[in-house]
Amino acid sequence: MSDKQLKQTPLFDLYQHNGAKKIIDYGGWALPVHFSSIIDEHHAVRQKAGLFDVSHMGEIRIEGEAAEKLVNLLMTNDITSLEINQARYTAMCYQNGGTVDDLLVYKLAEQTFLLVVNAANIDKDLDWIKAHHMDGVTITNLSEHIAQLAVQGPEAVNILQKLTDVRLADIKPFRFVQNVQLADVTDVLVSRTGYTGEDGFELYVSHDQAQALWQALLQADDRLQPCGLGARDTLRFEAKLALYGQELSPSISPFEAGIGFTVKIDKSSDFIGRAALMKEKQNQPTRKLVGLEIIDKGIPRHGYKVFSSSNQEIGFITSGTHSPSIQKQLGLALVQAEYGKLGTEVQVQIRSRLVDAVIVETPFYKRK
Amino acid sequence: MDLPNDLKYTDEHVWVREEGDFISIGVTDHAQDELGDVVFVELPEQGEQLSATDSFGSVESVKTVSELYTPVDGEVVKVNQALEDTPELVNESPYQQGWLIQIKPANPDQLKQLLDSQSYQKQLSEKE
């Protein structure tokens, strides 16, 4: 394995110690697929809590007098209604409505925003943002300085509480607290967000304190289990949380990908992609992201073709796996909208075979 | 890594146990470990004729699909039905309960090309 060319997070040296298996190249980063096993870690997050190193994610700070104006121009969601210490999930689109990235916008101060973007898109996003630079705005890539750990699962709040006096139960979803001390680690941004479909927190910390935070968390409670990319993917998949490069891409719009709720066509100022997205909304998108369940045998995988019951090609699988929580072979598929109705019988081409499947409700998993 | 001496191996990470006129095959401990949690095994039907160059099935984990190749041409005489409901046997017992199929080789000479445990072990260590 040529790990040396791959980028490493500040936690890389601890992976082996925690029993990480199979370090893979994920968008240029050396990250573990699992520590114990994907299924074991998946259940740990659904039932107790899991700890993820997501330091590969990118952080871009936008500050200055015109910061809000620029962010609101770039994002499909409405940034002007954000309060300080509030985060919002949004898409960033091209003029044609295709997606540059999906991300979280954190409002740190009246004129300071932190964008948390996908690892593989950091350079692309920076170029795109800088191409729309305005006077009175400073754009800074902090990705090399900020690490991110995610503590996810029903016990996350109780476990994290052991490290701080800040009342975590009071932090509402998509809200955060800055400059929190967790054990001996200082200046942590504690955000009630996540990518698993469970309650939990995302912790932003300086690179040089990331190892101390990771260790303090694991020492605080043995119910917290280190988790890899594999479980992160099955967890977000069951909760139908989009993964850029699969559900979203330059040729897939937020409406098609089922995140139309991030597009505020009527917000007070113009934004990039608005005209194209408005047209798409009026005419109804021609493609739709749906859930499907294999009723015959086989597992749908990214890129497999989907056919109608009369053997017409109607789309493709964006993500699919054996779902550990639902115990079925499930897929998300981008199909022609007329085939998106619940109960519609379709077929998935698994290698040389056409396998029967049916359109089912999403998300596959909802927290009780 | 468990590599029984009485078995033969292929560079596709399949093990072969010679049992009189038949051979049993499965995937190696190394292969199951690389795959992670096995959640689905696709196998041929009893009576099917297999060719050494074609994929005869697949083992799928949560994350990936691994195609299966037999080292010899021949007829499938038995299929491990237990894997339909308990595919995790491939992880838990790759050389025993996790066996895949039994074949009657059409051309036993093909068996001579198989690796012994030491040669297979050497291949694995060269890869790492």
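Since we're looking at a predicted model, the values are computed, not measured. (Residues numbered from 1 in each chain as written. Chains lettered and ligands numbered in written order. Predicted model: local features only at pLDDT ≥ 70, side-chain atom pairs only at ≥ 80, totals over all residues. Heavy atoms only, no water.)

## Looking at the overall build of chain A
- The secondary structure content of chain A amounts to eight helices and 19 strands.
- In terms of overall size, chain A behaves like a compact globule, its C-alpha atoms giving a radius of gyration of 21 Å where 368 residues would be expected to give roughly 21 Å.
- Its C-alpha atoms give chain A principal-axis dimensions of about 60 × 50 × 40 Å.
- Considering only contacts within chain A whose residues lie at least 6 apart along the sequence, 65% involve residues at least 24 apart.
- Accessible surface, chain A as shown: approximately 15300 Å² in total, 48% of it carbon and sulfur.
- Here chain A holds 38 positive side-chain charges and 45 negative ones, and the gap between their average locations is 6 Å. (Helix = DSSP H or I, 4+ residues; strand = E, 2+ residues; numbered from the N terminus. Rg over C-alpha atoms; globule rule 2.2 N^0.38 Å. Contact = heavy atoms within 4.5 Å. Areas by Shrake-Rupley, 256 points an atom, 1.4 Å probe, with all protein chains shown as cover. Lys, Arg positive; Asp, Glu negative; His and termini not counted. Charge placed at Lys NZ, Arg CZ, Asp CG, Glu CD.)

## Comments concerning the domain arrangement of chain A
- By the assigned domains, chain A splits into domain 1 (3-54 + 145-238), domain 2 (58-141) and domain 3 (286-360).
- On a C-alpha basis, the centres of domain 2 of chain A and domain 3 of chain A stand 34 Å from each other. (Domains from an automatic or database assignment.)

## What about the interface of chain B and chain A?
- Each side of the interface is counted separately: chain B has 17 residues, and chain A has 16 residues.
- At the boundary of chain B with chain A, total buried surface from both sides reaches about 1500 Å², with 49% on carbon and sulfur atoms.
- Residue arginine 351 of chain A pairs with glutamate 42 of chain B through a salt bridge whose shortest N-O separation is 2.9 Å.
- Viewed at the interface, chain A and chain B are joined by 16 residue pairs in polar contact (both at pLDDT 80 or more).
- Those elements that place two or more of their residues in the side of chain B that touches chain A are helix H1 (29-35), strand E4 (38-42), strand E6 (55-61) and strand E7 (65-69) of chain B.
- Across the side of chain B that touches chain A, the residue classes tally to five nonpolar, four polar and eight charged. (Buried area = accessible area lost by both parts, 1.4 Å probe. Salt bridge = Lys/Arg side-chain N within 4 Å of Asp/Glu carboxyl O. Polar contact = N/O pair within 3.5 Å; in protein donor to acceptor, adjacent residues only side chain to side chain. Nonpolar A, V, L, I, M, F, W, Y, C, P; charged D, E, K, R; others polar.)

## A short note on the pattern of salt bridges
- This structure, assessed with the given rule, holds 26 salt bridges over all chains.
- Where arginine 167 of chain A meets aspartate 170 of chain A, a salt bridge forms, and the shortest distance between an N and an O atom there is 3.0 Å.
- When salt bridges that share partners are traced, they join Arg301, Arg351 and Arg353 of chain A together with Glu42, Glu60 and Glu67 of chain B into one network.

## Some remarks on the packing of aromatic side chains
All names here are of chain A.
- Per the stated rule, a full pass over the model turns up 10 aromatic pairs over all chains.
- Geometrically, the ring pair formed by tyrosine 89 and phenylalanine 261 is tilted, given 6.2 Å between the ring centres and 35° between the ring planes. On the criterion of sequence distance, the pair formed by tyrosine 89 in strand E5 (residues 86-93) and phenylalanine 261 in the loop between helix H7 (229-238) and helix H8 (274-283) is long-range, its members being 172 residues apart.
- Taking the centre distance of 5.3 Å and the plane angle of 75° together, the rings of tyrosine 106 and tyrosine 204 count as edge-to-face. Within this pair, whereas tyrosine 106 is found in strand E6 (residues 99-109), its partner tyrosine 204 is found in strand E12 (residues 200-206), the two being separated by 98 residues in sequence.
- A residue is classified by how much of its surface remains accessible, and tyrosine 204, at 5% relative accessible area, is buried.
- Grouping aromatic residues by their ring pairs yields a cluster made of Phe12, Tyr15, Phe35 and Trp214. (Phe/Tyr/Trp six-rings, centres within 6.5 Å; stacked < 30°, edge-to-face > 60°. Buried < 20%, exposed > 50% of the residue type's maximum accessible area, 1.4 Å probe, protein only.)

## A closer look at the environment of asparagine 118 of chain A
Residues and elements named next belong to chain A.
- Within the secondary structure layout, asparagine 118 lies in the loop between strand E7 (112-117) and helix H4 (122-130).
- Sequence separation of asparagine 118 and glutamine 282 is 164 residues, and the distance between their C-alpha atoms is 30 Å.
- If near-sequence neighbours (up to four positions away) are discounted, asparagine 118 is found in contact with Met57, Asp101, Asp102 and Tyr244.

## Digging into the sheet that holds strand E2 (residues 14-19) of chain B
All names here are of chain B.
- One open sheet accounts for six strands, arranged E1-E2-E3-E9-E8-E5; its pairing is antiparallel. At either margin of the open sheet sits one strand with a lone partner, and together these are strand E1 (8-9) and strand E5 (49-50).
- Alignment of E5 against strand E8 (residues 74-79), held across two bridges, turns out to be antiparallel. Note that in E8 the partner of glutamine 49 across the bridge is glutamate 75. (Pairing = 2+ DSSP bridges.)

## Looking at the nonpolar core
Residues and elements named next belong to chain A.
- Judged by nonpolar contacts, the single largest core of 41 residues is most densely connected at Phe52, Tyr106, Val116, Leu248 and Leu277.
- Breaking this core down by element, the ones donating at least two residues are E5, E6, E7, strand E9 (146-152), H7, strand E17 (329-336) and strand E19 (353-360).
- With four residues, the top contributor of residues to this core is E5.
- Ignoring any residue separated from it by four or fewer positions in sequence, one finds leucine 248 in contact with Tyr89, Thr99, Asp102, Ala242, Leu243, Ser253, Pro254, Ala257 and Ile259.
- Listed in part, the 40 residues of the second largest apolar core include Ile23, Ala49, Ala210 and Leu218. (Core = buried A, V, L, I, M, F, W, Y, C linked by side-chain atoms within 4.5 Å.)

## A word on the pairing of E6 of chain A
Residue and element names in this part refer to chain A.
- Where burial is concerned, most of E6 is hidden: 10 out of the 11 residues are buried.
- In the sheet, E5 pairs with E6 via eight bridges, with the strands oriented antiparallel. When the bridges of E6 are listed, cysteine 93 appears paired with threonine 99.
- What sits between E5 and E6 in their antiparallel hairpin is a turn of five residues, with glycine 97 showing a positive phi close to 90°.
- Relative to E7, E6 runs antiparallel, the two sharing five bridges. From the neighbouring strand, valine 105 faces E7, where its bridge partner is leucine 115.

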